[in-house]
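Tertiary structure, described
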Amino acid sequence: MTDLLARPPYSQDAPPPFPPLPPNAVSRRRWPRRFAGGAVILALIAGGGTAGGLIADHYAGTTPAASTVVQATGTPVVAQNNSLAAVAAKVSPSIVTVVLDSAAESSLGSGVILSADGLILTNNHVVASGGTASVRLSDGRTVPARVVATDTTHDLALVQATGLSGLIPATFGTNDSVAVGDTVLALGAPLGLEGTVTSGIVSALDREVSTGPEKLTGLLQTDAAINEGNSGGALVDTSGNVIGINVAIATAGDDSTGNVGVGFAIPADTVTTVINQLEAQASR
């Protein structure tokens, strides 16, 4: 099930937060989502919409030895507030915007660079609508891309951008480096506003949320501002290590789809396991 959300308003003196759609396209930006029951609405955050939802996660398997993911070691260094700018500057070049364009619609989410030649991690629901894929880098370049592997169970996907080299891959942390109260930054393109960084803390660990027949388990909860468009972006610690991939938010009801201080991210250990599985799938 999907909903549409009109692009955020902007003044005539300022450029739109993302390029205009083709003339024959619907002048709306699509944010795919599923619906969840319960007291709050849990919304997939690929880029917009007017109601909530979640994709199920079931974490299984072991991490293969080979991977393009850079794994962090040691205990993260706790940064003071005045050094969060340095963390953001370190991580931002590894964050991209993923766009899927078709004749009727355009969907938008975020992504994390895994390799110097442009292998990108994002959420499956960012790319599920199909269409022509492209990736916009932090330096403003837009390059063609293609979806190379997907995992619908864990809502993760790999996208390969073309014609690139020398990119800066993100560094991934581990679950055991994360504690409630840790300072975190969320990076991505909420509402199409690329290069956005917000801060907060880890609010809870191992969250489990029922979505009828489906279930999200093992999630990190954070109060860092996460909104539609942040899907597939990074939740990082104060050493700049990715500790989670932003996937969902809670809202107060059907008429409220913005951040209310309850966001969720797929934890790093799950992410790195799935990345290795997707890489094996893509190589077959």
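In what follows, the structure referred to is the one given above.
Let me begin by describing the structure that accompanies this report. None of the values given here were measured: they were computed from a predicted structure. (Residues numbered from 1 in each chain as written. Predicted model: local features only at pLDDT ≥ 70, side-chain atom pairs only at ≥ 80, totals over all residues. Heavy atoms only, no water.)

A word on the overall build of the chain
Note the cut-off: Only runs of H or I of at least four residues qualify as helices and only runs of E of at least two qualify as strands under DSSP, and these elements are numbered from the N terminus. The cut-offs for exposure are 20% and 50% of the maximum accessible area for each residue type, with area from a 1.4 Å probe on protein chains only; residues under the lower value are buried, those over the upper are exposed, and the others partly exposed. In this description, contact between two residues means that some pair of their heavy atoms is separated by no more than 4.5 Å. Per-residue and other accessible areas were derived by the Shrake-Rupley procedure at a 1.4 Å probe size, with only the shown protein chains allowed to occlude residues.
On a plain count of helices and strands, the chain comes out with three helices and 17 strands. Taken over 284 residues, the chain has a buried fraction of 54%. Intrachain contacts of the chain at a sequence separation of at least 6 include 66% that bridge at least 24 residues. Surface summary for the chain: the accessible area is close to 11600 Å², and the carbon and sulfur share equals 54%.

What about the environment of D155?
Among the secondary structure elements, D155 is positioned in the loop between β9 (142–151) and β10 (156–161). Sequence separation between D155 and V126 is 29 residues, and the spatial gap between their C-alpha atoms is 9.0 Å.

Regarding the nonpolar core
Inclusion rule: Buried Ala, Val, Leu, Ile, Met, Phe, Trp, Tyr and Cys residues form a nonpolar core when they are joined through side-chain atoms within 4.5 Å. An automatic or database domain assignment supplies the start and end points of every domain.
Counting residues in each nonpolar core, the largest one holds 31 residues, and the members touching the most others are V112, L121, L156, F172, V236, V242 and V271. Examining the composition of this core, we find that five residues originate from one element, strand β16 (residues 242–251), more than from any other. Residues from two domains meet in this core; each of domain 1 (84–169) and domain 2 (182–279) gives at least three. Counting residues in each nonpolar core, the second largest holds 17 residues, with L100, V127, A133 and L164 among its members.

A short note on unusual backbone geometry
The phi angle at D155 is positive, at roughly 55°, despite the residue not being glycine. Given the relative accessible area of 0%, D155 is considered buried. Positive phi, close to 55°, is recorded for D206, a residue that is not glycine. Within the secondary structure, D206 sits in strand β13 (residues 196–211). The exposure class of D206 is exposed, given its relative accessible area of 60%.

Things to note about helix α3 (residues 268–283)
Residues three or four positions apart in an α-helix share a direction because the helix packs 3.6 residues into each turn. What counts, and what does not: An expected span of 1.5 Å times one less than the residue number is assigned to each helix.
Relative to the 22 Å expected for 16 residues at 1.5 Å per residue, α3 spans 22 Å between its end C-alpha atoms, a close match to the ideal helical length. Taken together, the buried positions of α3 are A268, T270, V271, T272, T273, V274, I275, N276, L278 and E279.

Brief notes about the pattern of salt bridges
Rules: By definition, a salt bridge exists where a carboxyl oxygen of Asp or Glu is found within 4 Å of a side-chain nitrogen of Lys or Arg.
Per the counting criterion, the structure on display carries two salt bridges. Across the salt bridge formed by R141 and D139, the nearest N and O atoms sit 2.8 Å from each other. Given a relative accessible area of 49%, D139 falls into the partly exposed group.

Looking at the environment of G233
Relative to the helices and strands, G233 is located in the loop between β14 (214–222) and β15 (234–236). Under the relative-accessibility criterion, G233 is labelled buried at 0%. For G233 and G111, which are 122 residues apart along the polypeptide, the C-alpha to C-alpha distance reads 5.0 Å. When neighbours within four sequence positions are excluded, G233 is seen to be in contact with S110, G111, V112, L187, G244, I245 and N246.

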